[in-house]
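Fold and geometry: a report
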Amino acid sequence: MSVGRFIHETLPSRVLFGVGTLGGLPEEAERLGIKRALVLSTPGQAEQGLAVCDLLGVNGAGLFSGARMHTPTDVSEQACARVRELGADGVIAIGGGSTIGLAKAIALRTDLPQVVIPTTYAGSEVTPILGETENGLKVTRRSLKVLPETVIYDVELTLGLPVALSVTSGLNAIAHAAEALYAPNVSPVVAMIAEEGVRALVGALPRLANDPANVVARSDALEGAWLCGICLGLVGMALHHKLCHVLGGTFDLPHAETHSVVLPHVLAYNLEVVPDARNRLARAVGHADPALALHQLAARLGAPTSLASLGMPESGVADAARLAVATPYPNPRPFVEDDIARILSHAWAGSLPS
Ligand code: NAD
């Protein structure tokens, strides 16, 4: 039994959660003094972006629907040019982590207030973290400048999130909470939030995979995603996030799917040395072996379970292992290149986590 020692800080953010909460957007924009909002979306969610513009009425200045995965800086520059052209005084993002990343990139450059409306479970909306890509290199920073002022979670907007993306995005969220549980700066508050976040998602994902329009399951999943996102925003991540970052950057693998595949393998490695985290995760997933349980959950719900199926060449295992150890990274269990190569070869092949 160890004696606790921690520093706990909370982050300022205003969160509206419920069904139909999007209707509160005009009032929320007004609270922040936004009179000419630039609305952001991906090309695929442009219709939802236009609906948000309509909802804002005269306070909607226009839509930029060019958000892309991994927040390329050239896209952010184009969006900032739109901000200047329209004289926008705030940004409103509707979408997943990619669109919210663009809002953050604009806030970093302009200090404009943000209202974000998440439609996946990635959790970026409650973190002061921004990862930007330039010349193929993704650089991540933490700054309160990028933390959105207001988050509107509307369960209705997630009903149409395709099941495959719902499952991988949910597992991506679980990864934030799982790594938070063994972060050097984890506090009792973060540990409770993490455990509850994992419990909510593990319970909700099978229900929503079965019945994607189940409002209660969707609500539980979105609440879980929020809780897991809070963990990501409050404490440092470890080996799992590092590996996903390397794999995403080097092999252009899709974000949420990569998290789904890798998480059980890193947990099998790390949980051996962090009994408190293992116990909490075991309680949350309802299984004595949380790594195995998460691997089985992914497989049962049709999520990818191998890096090979995501298109990574087997030769990439050695390259990724070398890159992952090139810069020091905090992790509860020390590792050398061979350990990483073993974890990655299991993840590549999709074998059981061990
Ligand atoms: P995404 O935002 O790229 O969304 C994937 C696709 O699904 C997009 O085409 C999007 O338009 C579509 N989509 C989103 N919601 C939908 C809905 N409800 N219905 C139908 N289609 C929908 O994916 P993501 O996994 O949410 O985000 C990934 C990105 O977010 C990565 O770049 C990652 O690095 C970043 N991220 C950042 C943080 C952070 O704290 N900075 C946290 C998590 C993720």
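What counts and what doesn't
Residues numbered from 1 in each chain as written. Predicted model: local features only at pLDDT ≥ 70, side-chain atom pairs only at ≥ 80, totals over all residues. Helix = DSSP H or I, 4+ residues; strand = E, 2+ residues; numbered from the N terminus. Rg over C-alpha atoms; globule rule 2.2 N^0.38 Å. Buried ≥ 20, exposed ≤ 12 C-beta atoms within 10 Å, placed from the backbone. Contact = placed C-beta atoms within 7 Å. Near = placed C-beta within 6 Å. Domains from an automatic or database assignment. Pairing = 2+ DSSP bridges. Axes fitted to C-alpha atoms, helices over the stretch in contact; angles between N-to-C directions. pLDDT = per-residue confidence, 0-100.

1. A look at the overall build of the protein chain
- Along its length, the protein chain carries 13 helices and eight strands.
- Taking 2.2 N^0.38 as the reference for a compact globule, 354 residues should give roughly 20 Å; the C-alpha atoms of the protein chain span a radius of gyration of 20 Å, in line with that estimate.
- For the protein chain, the spread of C-alpha atoms along the three principal axes comes to 55 × 40 × 40 Å.
- Burial status across the protein chain gives 54% buried among its 354 residues.
- Sequence-distant contacts in the protein chain: of pairs separated by 6 or more residues, those separated by 24 or more amount to 75%.

2. Digging into the site of the ligand
- Around the ligand, the structure places 29 residues, and the nearest of them are G96, G97, S98, T120 and S124.
- Those elements that provide at least two residues to the shell around the ligand are α4 (97-110), β6 (129-134), α5 (163-181) and α9 (255-270).
- When we break the shell around the ligand down by domain, the ones giving at least three residues each are domain 1 (14-158) and domain 2 (163-349).

3. Topic: the pairing of β6
- In terms of strand pairing, β6 meets strand β7 (residues 137-142) through six bridges, oriented antiparallel. Directly across from T133, in β7, lies its bridge partner K138.

4. Concerning the sheet that holds strand β5 (residues 114-118)
- In spatial order, the strands read β1-β8-β5-β4-β2-β3; together these six strands make up an open sheet with parallel pairing. Of all the strands in the sheet, the pair left with one neighbour each is β1 (14-18) and β3 (60-64). Neighbour-to-neighbour, the strand axes of this sheet turn through a mean angle of 15 degrees, independent of strand direction.
- Sheet contacts for helix α2 (residues 46-56): β2 (37-40), β3 and β4 (90-95); angle to β3, the most-contacted strand, approximately 175 degrees.
- Along the sheet, α4 makes contact with β2, β4 and β5, crossing β4 at roughly 165 degrees.

5. Examining the confidence of the model for the protein chain
- Per-residue confidence for the protein chain averages 96 on the pLDDT scale, and 99% of its residues sit at or above 70.
- Here the predicted complex scores 0.96 on pTM and 0.99 on ipTM.

6. Digging into unusual backbone geometry
- With phi around 45 degrees, T71 is a residue other than glycine that occupies positive phi space.
- With respect to the element layout, T71 can be found in the loop between β3 and α3 (73-86).
- For T71, a count of 24 C-beta atoms within 10 Å puts it in the buried group.
- With phi around 65 degrees, D111 is a residue other than glycine that occupies positive phi space.
- Secondary-structure assignment places D111 in the loop between α4 and β5.

7. What to know about the environment of A308
- For A308, the position within the fold is in the loop between α11 (290-300) and α12 (316-326).
- Measuring from C-alpha to C-alpha, the distance between A308 and P113 comes to 41 Å, with 195 residues separating the pair along the chain.
- If we skip the residues at most four places from it in the chain, A308 touches W348, A349 and G350.

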